[in-house]
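So you can see what is in the structure, the chains are spelled out below.
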Amino acid sequence: MYIKKIILSAFLSAQILVGQSEMEVQGAFGAVTIDGELWNQISLRPVIPFGKLSIALDIVFYIDEDGNIHDDEWDFSSGEKVKNSLIDKIYFIKYGNAWDGNYFKIGALDDVTMGYGILISDYTNTLLYPQVRKVGMEFVAETMGLTIFGFTNDFKENMGVSGLRISAPTLNSFTSGISWAGDRNQYLGLRDSDGDGRPDIVDDFPDDEYLWLDTDGDGLADSDEFEWDIDGDGITDTLGAHIPGWNLDTVIVLDHDIQTKPEPIDIHEEKEQIQSFALDIGYTLLSDGPIILDAYAEYASLLGRTNNPITGERENVGYGIIPLGLSAQFGPATFNFEFRMVPAGNFEFGYFDRAYEVERATFQSNSLNQGTIVTKSSKLGMFGKQNGFYSSLDISIGSLFDAGLSYQNLKGDQYNSSINAFENATNQSFIAMLELQNSMSRINNASWFYQQRNVPNPFDFEYSESTIIGYDVGISLGNGMVLTYIFRKTFQDMNGDGDVLDDNEMINMTSIETSFSF
């Protein structure tokens, strides 16, 4: 608490200098949902410009109905937590603009696509904000005729998900690129509040870094000296000096069959990575006149292991090919069409997508509150050989709206768990977004998006783990104040039954805040 007071006092003192400098202070207050609980939010965001460089801090407090402060953002109990708490105070650090050629941004990543999108397409690290706060980085640099793009999802993960692409003009007006993307440990997608390496969802003491196992669920850790009956079967495990009134020097074992829960995974010691690389080449067919038309081709290979759903054996992940893609720009619209091929299965186009932070690692439980951690790469074995097409349309509707639609239709072999075999089936994806570009009456900003990937028919609108629904609406209240409502809905198959219709499998996140600046 002492450190909190120091930081808050220093920040409030800095506000006196606002009138004497170019610093702008933004702020917000309202309510947010974190881990299913409602917290009041108070935040101040000073923005300090230095030429092309801008630095914005995020000093935020979440307070519950009893006046308790949410500690995750203010935990200075260890070196690692000090680092994470300080990183959380960065709203953004930004230099230049992405279209200038030399640019970087540290903070929220709203929409990252690398190259033509065969590996990384519409990735974001803000999907679970504010429940999960990530501070990533993206940059663009032009040097020696090369264009270099890179990103990482979160410095607190020590760059768990990262990507790099280098492109340059080559012979006969072609442009070529080489890309790499990877997740050094998909288990990092699971929250670990106390930093003990045991994800919260399998940690019986998620706020205590020294305890994580409570077999009988009585609130005493299995390692606690006062836990006399570890498995809760009613039989005292041992009689010894830890039992009050026991005066003998010997230890008598009474329970010879203590059934304990297995040790939870330690993501500091265990990991499951996925790496990938891609090659692309493009050529401009038309550049003069009302239409700009480009042709391109891509090859991408995932590097890692997946599960064969029939045998249960581990096998290599696969590769995908776009033998021909066309991109046309005409007026306010951009249209893409691609032929897509997965010759040997075990591959997904746009593997690192908008839902990746939700799908990279999930937990499937059983009736004993135990279960297994399932990574996204482990599910790639469900996809066999496939061929089909992809198309997308992005368009500006007057000066008010930007809209985007994309659709993928692949046909081929897919695993059917009901018959424990592969069968010929369709694999479709649909993504839509709509964003207000200029204020309209008192509506200051608004956006909506919907995503569903790798399902038989996305237009049935049946929820799956790949489904994301979200919208933001900002209403101007006058005098620089804006009331903003933010909603996100995602899904996780917690019991492994193949659907997301059970209790606790729908995850809703809401935030209501009033922002201001002075």
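Bear in mind that the values here come from a model prediction, so they are computed numbers and not experimental data.

Rules behind the numbers
- Residues numbered from 1 in each chain as written.
- Predicted model: local features only at pLDDT ≥ 70, side-chain atom pairs only at ≥ 80, totals over all residues.
- Heavy atoms only, no water.
- Helix = DSSP H or I, 4+ residues; strand = E, 2+ residues; numbered from the N terminus.
- Buried < 20%, exposed > 50% of the residue type's maximum accessible area, 1.4 Å probe, protein only.
- Contact = heavy atoms within 4.5 Å.
- Polar contact = N/O pair within 3.5 Å; in protein donor to acceptor, adjacent residues only side chain to side chain.
- Phe/Tyr/Trp six-rings, centres within 6.5 Å; stacked < 30°, edge-to-face > 60°.
- Lys NZ or Arg CZ within 6 Å of the ring centre and 35° of its normal.
- Pairing = 2+ DSSP bridges.
- Core = buried A, V, L, I, M, F, W, Y, C linked by side-chain atoms within 4.5 Å.
- Salt bridge = Lys/Arg side-chain N within 4 Å of Asp/Glu carboxyl O.
- Arc of directions from axis to C-beta.
- pLDDT = per-residue confidence, 0-100.

1. Some details on the overall build of the protein chain
Then step 1. For the protein chain, the count of helices and strands is 3 helices and 27 strands.
Then step 2. In the protein chain, buried positions account for 44% of the 518 residues.
Then step 3. When contacts within the protein chain are restricted to residue pairs at least 6 apart in sequence, long-range pairs at least 24 apart make up 53% of them.

2. Remarks on the side chain of R340
Then step 1. By secondary structure assignment, the location of R340 is in strand β18 (residues 333-342).
Then step 2. Classification of R340 as buried rests on a relative accessible area of 7%.
Then step 3. Polar side-chain contacts of R340 include one of 3.0 Å to the side chain of E338.
Then step 4. Each residue touching R340, except ones within four places of it in the same chain, is listed here: I321, I322, F349, Q386, N387, G388, F389, Y390, Q408 and L410.

3. Considerations on the packing of aromatic side chains
Then step 1. All chains considered together, the criterion is met by 24 aromatic pairs.
Then step 2. Taken together, a centroid distance of 5.9 Å and an interplanar angle of 65° make the contact between Y415 and F422 edge-to-face.
Then step 3. Relative accessible area serves as the criterion here: at 33%, F422 is assigned to the partly exposed category.
Then step 4. Between F459 and F461, the ring centres sit 6.5 Å apart and the planes meet at 80°, which makes this aromatic pair edge-to-face.
Then step 5. The partly exposed category is assigned to F461, whose relative accessible area is 46%.
Then step 6. Within the aromatic cluster, the residues linked to one another by ring pairs are F337, F339, F389, Y407, F430, Y450, F459 and F461.
Then step 7. Between the NZ or CZ atom of R340 and the centre of the ring of Y390, over which it lies, the distance is 4.1 Å.
Then step 8. A cation over an aromatic ring shows up here: R354 above the ring of F449, its NZ or CZ 4.5 Å from the ring centre.

4. Focus: unusual backbone geometry
Then step 1. We note that N158 has phi near 55°; this positive angle belongs to a residue other than glycine.
Then step 2. One non-glycine residue with positive phi stands out, namely M159, at about 60°.
Then step 3. Assignment of secondary structure puts M159 in the loop between β8 (146-152) and β9 (161-169).

5. A few points about the environment of N125
Then step 1. For N125, the location among the structural elements is in the loop between β6 (103-107) and β7 (136-143).
Then step 2. Spatially, the C-alpha atom of N125 lies 8.7 Å from that of Y356, the residues being 231 residues apart in sequence.
Then step 3. With near-sequence residues (within four places) excluded, N125 lies in contact with G107, A108, L109, K134, V135, G136, N153 and E357.
Then step 4. Here the side chain of N125 touches L109 through a polar contact of 2.7 Å, landing on its backbone nitrogen.
Then step 5. Among the polar contacts made by the side chain of N125, one reaches the main-chain carbonyl oxygen of N153 at a distance of 3.0 Å.

6. Focus on the environment of F149
Then step 1. As for its placement among the helices and strands, F149 is situated in strand β8.
Then step 2. In this structure the C-alpha to C-alpha distance between F149 and S167, which are 18 residues apart in sequence, comes to 8.6 Å.
Then step 3. Once you skip the residues sitting within four places of it in the chain, F149 turns out to touch V112, M114, E138, F139, V140, G163, L164 and R165.

7. Brief notes about the pairing of strand β2 (residues 37-50)
Then step 1. Examined bridge by bridge, strand β1 (residues 24-34) and β2 share 11 bridges and lie antiparallel to one another. Bridged to G27 within β2 is L44.
Then step 2. Pairing between β2 and strand β4 (residues 59-63): 5 bridges, direction antiparallel. Across the sheet, the residue bridging to I42 is F61, located in β4.
Then step 3. Here β2 folds back onto strand β3 (residues 53-57), and the loop between the two strands holds 2 residues, one of which, G51, carries a positive phi near 65°.

8. Some points on the nonpolar core
Then step 1. Counting residues in each nonpolar core, the largest one holds 28 residues, and the members touching the most others are L119, I120, F151, L302 and F352.
Then step 2. Of all the secondary-structure elements, those providing two or more residues to this core are β8, β13 (274-286) and β14 (291-303).
Then step 3. Those residues in contact with L302 that lie beyond four places of it in its chain are L119, I274, Q275, S276, V317, G318, N346, F347, E348, Y351 and L380.

9. Observations concerning the pairing of β9
Then step 1. As judged from the 6 bridges shared by β8 and β9, these two strands associate in the antiparallel manner. Note that in β9 the partner of G150 across the bridge is L164.
Then step 2. Across 9 bridges, the pairing between β9 and strand β10 (residues 174-183) is antiparallel. Residue pairing for β10: R165 is matched across the bridge by S179.
Then step 3. With antiparallel pairing between neighbouring strands as the criterion, β9 and β10 make up a hairpin whose turn holds 4 residues, including N172 at a positive phi of roughly 55°.

10. Some words on the side chain of R488
Then step 1. Among the secondary structure elements, R488 is positioned in strand β26 (residues 481-491).
Then step 2. Of the residues examined, R488 reaches a relative accessible area of 13% and is grouped as buried.

11. Side note on the environment of F363
Then step 1. Topologically, F363 is positioned in strand β19 (residues 361-365).
Then step 2. The exposure class of F363 is buried, given its relative accessible area of 3%.

12. Brief notes about the pattern of salt bridges
Then step 1. Taken as a whole and assessed by the stated rule, the structure comprises 22 salt bridges.
Then step 2. Taken together, the shared-partner salt bridges connect R45, D58, D88, R133, K156 and E513 into one network.

13. Looking at helix α2 (residues 79-88)
An α-helical segment advances 3.6 residues per turn. Residues three or four places apart therefore align on the same side.
Then step 1. Every buried residue of α2 is listed here: K81, N84, S85, I87 and D88. Projected down its long axis, α2 shows its buried positions confined to an angular sector of 160°, all on one face.
Then step 2. Against the buried residues of α2 lie β5 (90-95).

14. As for the confidence of the model for the protein chain
Then step 1. When pLDDT is averaged across the protein chain, the result is 85; 90% of the residues are at 70 or more.
Then step 2. Considering only residues more than four positions removed or in separate chains, one finds that residues 16-20, a stretch of pLDDT under 50, has 3 contacts.

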